[in-house]
Amino acid sequence: MNNSNSKTRLKPENSRRDFCKSTALVGAGILLPGLEMSAMANVFNDKKLKLAVIGCGGRGSGAANQALKADENIELVAMADAFQDQLDKSLLNLQKEFEGTKKVNIKDAHKYVGFDAYKKAIDQADVVILATPPGFRPYHFEYAVNAGKHVFMEKPVATDAPGIRKVLEMAKIAKEKKLNVVVGLQRHYQNNYLAIAEKIKQGDVGKIVSGQVYWNSGGVWVRPRQESQTELEYQMRNWYYFNWLCGDHILEQHIHNIDVANWFIGEYPISAQGMGGRLVRTGKDHGEIFDHHFVEFTYPSGAVIASQCRHQPGTWSKVGENFQGTKGSIDMNDAGAASIIGLDGEKLFDYRNRNDPNPYQVEHDRLFASIRNNEVISDAENGAKSTMTAIMGRMATYSGKVITWEDAMASEKLLMPSELTWDSTPPSVPGPDGMYSIPTPGVTEVLS
């Protein structure tokens with residue numbers, strides 16, 4: 001894995017009209033028709049599409065399941081993971097799910113294990129699923145695009161600014177090659193969000209001036225350390241708690257809600273400031289990440305979004321978004337509801353889940369339909385910029401300082417190593433007491 005030194009500096013002052021137009025087209029599944037004849041290499045018509053899965057954990061297995069259901073003539077031909085047991089478990093479950101369909105047809109030689117396994121699996125396929133821990137995503141995306149593959153990649157798409165710059169660089173190349181890239185920010189494929197996005201476009205809410213976005217929950221899994229594990233294997237198995245792999249939960253989970261703010265406002269923020277820490281989830285098995293973050297994102301238009309996420313059992317749980325506009329307010333519900341309330345308190349619009357399709361399935365349906373129909377979905381740029389928004393929020397909570405978009409994008413602080421072997425020492429190691437170093441606001445340097 002070669003680290004890119006590209007220093008693409010992106011300003012968030014995109015015009016609202018251009019932003020809304022592009023995200024609405026992609027989000028609604030309205031694709032880019034009329035490609036040049038050179039794009040015909042990506043058209044498969046009724047030919048069998050070969051699929052490879054890179055990262056065989058829960059999300060990779062789920063995405064593989066959805067991809068195999070998205071198209072009648074698709075075959076899973078290769079899998080790659082750092083761990084043999086994880087690959088074997090995923091394959092067994094997929095074989096049971098698709099027994100008798102001939103959709104899961106993996107030779108022993110095409111089950112790849114190790115840090116370079118992704119290259120061998122990608123080489124076997126037409127379409128690849130990238131679902132390893134996020135720190136690996138820029139390198140895997142780079143290889144897939146250079147190899148001319150269509151891509152579904154999970155969010156977030158990096159854990160540091162150098163990784164973001166690499167993804168943005170490859171996003172341009174993917175467009176030039178007419179490759180489809182779908183990012184797992186599935187709210188862009190979810191009917192209640194699309195309905196509100198259309199109402200915003202029509203001007204029913206007016207200008208959004210403020211909002212609140214939430215991912216407050218009790219937390220996620222912990223995998224106990226095993227005596228036989230090296231430090232690297234332990235961290236790989238518990239990737240959620242280490243920033244080089246995960247980027248903290250403001251990035252790994254809360255990116256969904258932050259992305260909705262960017263989408264609905266039609267801009268990316270110019271600065272962030274906030275606070276966070278560890279109050280409840282403080283053990284040795286909780287690595288180096290915070291258990292709560294609160295960030296204020298300021299946008300070029302003047303809108304300010306209050307962002308909060310926490311992993312604290314027994315506290316108020318909410319996953320969703322609220323926005324206030326000059327004509328009314330928006331209340332989004334992750335379960336499928338949405339409403340707009342006028343300034344006088346009258347309900348102007350109400351959306352309730354009408355047996356809507358699962359957006360996790362829809363994003364794969366749209367991907368494979370686009371491939372078949374000689375169209376292109378290009379989610380990578382927005383996926384990278386929304387990932388960068390969450391990284392900027394983490395920088396603000398870790399440092400206690402105001403972080404600008406320009407400074408965050410230019411950061412050379414590399415969390416994810418460009419190369420790893422099982423003999424490598426991970427970027428973070430515990431002290432003599434078994435505890436990891438925790439970011440300290442006012443002390444921790446986040447930009448370099």
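Residues numbered from 1 in each chain as written. Predicted model: local features only at pLDDT ≥ 70, side-chain atom pairs only at ≥ 80, totals over all residues. Heavy atoms only, no water.

### Section: the overall build of the chain
Inference 1: On a plain count of helices and strands, the chain comes out with 13 helices and 15 strands.
Inference 2: Oriented by its inertia axes, the alpha-carbon framework of the chain measures out at about 65 × 60 × 40 Å.
Inference 3: Out of the 448 residues in the chain, the part that is buried amounts to 58%.
Inference 4: A sequence separation of at least 24 residues applies to 76% of the contacts in the chain between residues at least 6 apart. (Helix = DSSP H or I, 4+ residues; strand = E, 2+ residues; numbered from the N terminus. Buried < 20%, exposed > 50% of the residue type's maximum accessible area, 1.4 Å probe, protein only. Contact = heavy atoms within 4.5 Å.)

### Topic: the domain arrangement of the chain
Inference 1: According to the domain assignment, the chain contains domain 1 (46-187) and domain 2 (196-355 + 379-410).
Inference 2: Between the C-alpha centres of domain 1 and domain 2 the distance comes to 25 Å.
Inference 3: Contacts between the two partners involve 30 residues from domain 1 and, on the opposite side, 36 residues from domain 2.
Inference 4: Put simply, domain 1 and domain 2 have four salt bridges between them.
Inference 5: Residue aspartate 85 pairs with arginine 237 through a salt bridge whose shortest N-O separation is 3.1 Å.
Inference 6: Taken together, domain 1 and domain 2 are joined by ten residue pairs in polar contact (both at pLDDT 80 or more).
Inference 7: Among the secondary structure elements, those contributing two or more residues to the side of domain 1 that touches domain 2 are α6 (161-176) and β6 (181-183).
Inference 8: Here the side of domain 1 that touches domain 2 gets seven residues from one element, more than from any other, and that element is α6.
Inference 9: Residues of the side of domain 1 that touches domain 2, tallied by class, amount to 20 nonpolar, four polar and six charged. (Domains from an automatic or database assignment. Salt bridge = Lys/Arg side-chain N within 4 Å of Asp/Glu carboxyl O. Polar contact = N/O pair within 3.5 Å; in protein donor to acceptor, adjacent residues only side chain to side chain. Nonpolar A, V, L, I, M, F, W, Y, C, P; charged D, E, K, R; others polar.)

### A few points about the packing of aromatic side chains
Aromatic rings in a pair are described by how distant their centres are and how their planes are angled relative to each other.
Inference 1: One pass over the structure, following the stated rule, counts 17 aromatic pairs.
Inference 2: With centroids separated by 5.5 Å and ring planes inclined at 45 degrees, the aromatic side chains of tryptophan 239 and tyrosine 240 adopt a geometry described as tilted. Per residue, the accessibility class of tryptophan 239 equals that of tyrosine 240, and both read buried.
Inference 3: Put simply, the rings of Phe83, Phe115, Phe136 and Trp422 pair up and form one aromatic cluster.
Inference 4: In this arrangement the basic side chain of arginine 354 is found over the ring face of tyrosine 351, its NZ or CZ atom lying 4.3 Å from the centre. (Phe/Tyr/Trp six-rings, centres within 6.5 Å; stacked < 30°, edge-to-face > 60°. Lys NZ or Arg CZ within 6 Å of the ring centre and 35° of its normal.)

### Focus on the sheet that holds strand β1 (residues 49-54)
Inference 1: Strand order in the open sheet formed by six strands is β3-β2-β1-β4-β5-β6, and the pairing between neighbours is parallel. Of all the strands in the sheet, the pair left with one neighbour each is β3 (111-113) and β6. Adjacent strand axes in the sheet meet at a mean angle of 15 degrees, parallel and antiparallel pairs treated alike.
Inference 2: Examined bridge by bridge, strand β2 (residues 74-81) and β3 share three bridges and lie parallel to one another. Note on β3: the bridge partner recorded for methionine 79 is lysine 111.
Inference 3: Of the strands in this sheet, β2 and β3 touch helix α3 (residues 84-97), which is tilted by about 160 degrees from β2. (Pairing = 2+ DSSP bridges. Axes fitted to C-alpha atoms, helices over the stretch in contact; angles between N-to-C directions.)

### Observations concerning the pairing of strand β13 (residues 338-342)
Inference 1: Burial analysis of β13 places four of its five residues in the buried class, the great majority of the element.
Inference 2: Two strands pair when backbone bridges link them, and strand β12 (residues 328-333) and β13 are joined in this way by five bridges, in the antiparallel orientation. Looking at the pairing, methionine 332 lines up with alanine 338 of β13.
Inference 3: Remark: four residues form the turn of the hairpin made by β12 and β13, two consecutive strands paired antiparallel; glycine 336 in that turn has positive phi of roughly 125 degrees.
Inference 4: Examined bridge by bridge, β13 and strand β14 (residues 347-351) share four bridges and lie antiparallel to one another. Within the sheet, the bridge partner assigned to isoleucine 341 lies in β14 and is lysine 347.

### Some points on the pattern of salt bridges
Inference 1: One pass over the full model with this rule turns up 17 salt bridges.
Inference 2: The partner of glutamate 412 in a salt bridge is arginine 165, and the shortest N-O contact between them spans 3.3 Å. Note that glutamate 412 is positioned in the segment after α13 (405-410) and arginine 165 in helix α6, a separation of 247 residues in sequence.
Inference 3: For glutamate 412, a relative accessible area of 42% corresponds to the partly exposed category.
Inference 4: Residues joined by salt bridges that share partners form a network here, namely Asp85, Glu233 and Arg237.

### Description of the nonpolar core
Inference 1: By size, the foremost hydrophobic cluster in this structure holds 100 residues, and its most contacted members are Phe141, Met153 and Phe264.
Inference 2: Here this core takes nine residues from helix α12 (residues 380-399), the largest share from any one element.
Inference 3: Once residues within four sequence positions are removed from consideration, methionine 153 is found in contact with Leu130, Arg137, Phe141, Val167, Val181, Val182, Val183, Gly184 and Ala380.
Inference 4: Among the nonpolar cores identified, the runner-up in size contains 29 residues, and Val53, Ala63, Ala131 and Phe368 belong to it. (Core = buried A, V, L, I, M, F, W, Y, C linked by side-chain atoms within 4.5 Å.)

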